[in-house]
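A look at the structure
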Amino acid sequence: MRHLLLIDNGSRRADSTRNLRRLAATLGERLGESVHPVSLLHSDVVPAAELDGRAAETLAPALRRLLGEGQRELLMIPLFFGRSRALTEFVPETAAAVARECGEFQLQIAPELCPLPNGEPRLVDILVDHVRQTAAKLNRSAERVVVVDHGSPVAAVTAVRRWLSERLGEQLGVTMQVTQAVMERRAGAAYDFNGALLEEVLRALAATDRTTPVILAMLFIAAGRHAGSAGDIAAMIAQVQADYPGFEVHPTPLVGSHPALVEILQARVGG
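We now turn to the structure provided with this report. (Residues numbered from 1 in each chain as written. Predicted model: local features only at pLDDT ≥ 70, side-chain atom pairs only at ≥ 80, totals over all residues. Heavy atoms only, no water.)

1. Some remarks on the environment of Ala95
Residue placement: Ala95 occurs in helix H3 (residues 85-102). For Ala95, a relative accessible area of 10% corresponds to the buried category. It is 7.7 Å that separates the C-alpha atoms of Ala95 and Leu63, two residues lying 32 residues apart in sequence. With sequence-adjacent residues up to four places away left out, Ala95 is seen in contact with Leu63, Phe105 and Leu107. (Helix = DSSP H or I, 4+ residues; strand = E, 2+ residues; numbered from the N terminus. Buried < 20%, exposed > 50% of the residue type's maximum accessible area, 1.4 Å probe, protein only. Contact = heavy atoms within 4.5 Å.)

Below, the structure is given as structure tokens:
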């Protein structure tokens, strides 16, 4: 009998773990199976008191627990947009180390959220929905959209943002200009494929035209260090707006809040 693990990268913010648990519970209801919410790293430092008294679980301890319970067939469902090194390196290395300690087991990894080259049109639909929801709340038209993600040193992960941004632009039409930005990137020409940093993009847009609002399409699953009301992006927006009075930046909801995300996860499992 297979056991399902819904995996995210992990965060030191409790909201991220709560979101992971919510998605795992909803997916489990859809599939009629138990889905274990597990983070790769970080979340185990969140006090259990902030998580309804139940500490978060990270990958290696979760694997040891399941193997100790006699489970040997595991299916991992990634909450990752692209095939990052977390999936290609960290997970196999961690699984191999646990296997040496606890005995061999079968670990399958379902496809990521937006596997290229075909991509995932339902993710585009989520972004379109979020952009239009955000635009509808404004008192004036917003003709500029910036798609922002965390950033990755892996070109294949950046390619996912590019694919989604291009399809988003096609769906929104000529009335909205879609550009891209990254929250983090490594220095040097070797990482120019990441594109420009978000702060640079926002300041350039403000300097060009501070009267037309910008919608920030958030390519993030859950609130964490970057996304969310207490994240770096909110602080950055506040600073840019302080330097350019009258400039408006409106982040969309996060991808993890959209009900269609569970449909994508269900499809990855084949349920």
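2. A closer look at unusual backbone geometry
Across the junction of Leu116 and Pro117, the peptide omega takes the value 15 degrees, indicating a cis bond. Its location among the elements puts Pro117 in the loop between strand S4 (106-109) and helix H4 (121-136). The phi dihedral of His42 is positive, around 75 degrees, even though this residue is not glycine. Tracing the chain through its elements places His42 in the loop between strand S2 (35-39) and helix H2 (59-68). A positive phi is found at Asp52, a non-glycine position, where the angle reads about 55 degrees. Structurally, Asp52 can be placed in the loop between S2 and H2. Looking at Asp52, the relative accessible area reads 76%, which means it is exposed.

3. A few points about the pairing of strand S6 (residues 177-182)
Pairing between strand S5 (residues 144-149) and S6: 6 bridges, direction parallel. Counterpart to Arg144 in the pairing with S6 is Gln177. (Pairing = 2+ DSSP bridges.)

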